[in-house]
Amino acid sequence: MTVSAVAPAEVPVNSPFHHETVTWVKHWTDRLFSFGLTRPSSFRFRSGEFVMIGLPGEDGKKPILRAYSIASPNWAEELEFLSISVPDGPLTSRLSKIKVGDTVLLGKKPTGTLVHDALKPGKRLWLMGTGTGLAPWLSVARDHETYDKFEQVIVCHGVREVNELCYRDLFTTDIHQDELIGEMAQGQLKYYPTVTREAFERQGRLTTLIETGQIFADNGLSQTQFDPETDRVMLCGSMEMIKDLAALCEAHGMTEGSNAEPGDYVLERAFVG
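Residues numbered from 1 in each chain as written. Predicted model: local features only at pLDDT ≥ 70, side-chain atom pairs only at ≥ 80, totals over all residues. Heavy atoms only, no water.

Digging into the packing of aromatic side chains
Then step 1. Applying the stated criterion to the full structure yields nine aromatic pairs.
Then step 2. Between the aromatic rings of Y68 and F81, the centroid separation amounts to 6.4 Å while the plane-to-plane angle is 85°, which identifies the pairing as edge-to-face. Of the two residues, Y68 is situated in strand β4 (residues 64-69) and F81 in strand β5 (residues 78-84); the sequence distance between them amounts to 13 residues.
Then step 3. Residue classification places Y68 among the buried residues on the basis of a relative accessible area of 9%.
Then step 4. For F81, a relative accessible area of 0% gives the class buried.
Then step 5. Between W126 and F216 the ring centres are 5.6 Å apart and the planes differ by 75°, which places this aromatic pair in the edge-to-face class. With W126 in strand β7 (residues 124-130) and F216 in helix α7 (residues 214-218), this residue pair connects regions lying 90 residues apart in the sequence. Here W126 and F216 have matching classes, each one buried.
Then step 6. Each member of the aromatic cluster is reached from another via a ring pair, and the members are F33, F35, Y68 and F81. (Phe/Tyr/Trp six-rings, centres within 6.5 Å; stacked < 30°, edge-to-face > 60°. Helix = DSSP H or I, 4+ residues; strand = E, 2+ residues; numbered from the N terminus. Buried < 20%, exposed > 50% of the residue type's maximum accessible area, 1.4 Å probe, protein only.)

Regarding the sheet that holds β7
Then step 1. Ordered by their spatial adjacency, five strands build an open sheet running β9-β8-β7-β10-β11, and the pairing between neighbours is parallel. Since the sheet does not close on itself, it has two edges, and those belong to β9 (189-195) and β11 (265-267), each with one partner. Put simply, the sheet's adjacent strands are angled 15° from each other on average, direction ignored.
Then step 2. Pairing of strand β10 (residues 231-236) with β11, which is carried by three bridges, proceeds in the parallel orientation. Looking at the pairing, M234 lines up with V266 of β11. (Pairing = 2+ DSSP bridges. Axes fitted to C-alpha atoms, helices over the stretch in contact; angles between N-to-C directions.)

With respect to the side chain of S96
Then step 1. Following the sequence through the fold, S96 ends up in the loop between α1 (92-95) and β6 (103-107).
Then step 2. Beyond its immediate chain neighbours, meaning those up to four positions away, S96 contacts H27, F33 and S85. (Contact = heavy atoms within 4.5 Å.)

Geometry only, nothing functional implied.
Shown next, in the form of structure tokens:
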């Protein structure tokens, strides 16, 4: 018998959240899972943004909310999210138990800096993420505007174990068959997975692969570091990873961008602190 994480409830008048229905759930590992939500007709966002999501509070308590990158592109009819499950996590321990038909709270104001608007024009876009930091790239890489703005898009995903390479089939096969962006993805998108704790076709942390120049050679480039004239970089993942990669970008002569002042690389300050 499956125990529901959330019991259906009446939507309070003037609620500060949308109350959306779970449409599907996929567990990649015992720690990683994805799920879909119905999308309110009034909900607008830019690919790469994040929003607060959560579950109604138990026993009259306040709702538990966290910031989650939206994994679906801005044109999608439903909203998609990628999450990790922490056994004692106030939200994820419950969220990992949701099933189709359950209710999830959705904030009304998406925001963020992992968007096209925060970057200067460039030739090559590097989408660099570790673990669930892949989520915003699922959105950006499925947005046709990305391929209009950049000649080449490289999705770099670093994980500890091979089974954590969720969405691997999407980037190696499915996206190339997409009716909207398939043709563009075939010619412009590259997928670059790497694993740190198991044998795999490519091993090592993204920081190490950049420092040694391997990441550039593997992608057929003669350069040995990021080029501020042509390269643009988006970063998402653990706090340590983001800070280390941001330092590398700075060392390569790149400047951080924002919605107010576009730059050569961007990170999500809301996740870093």
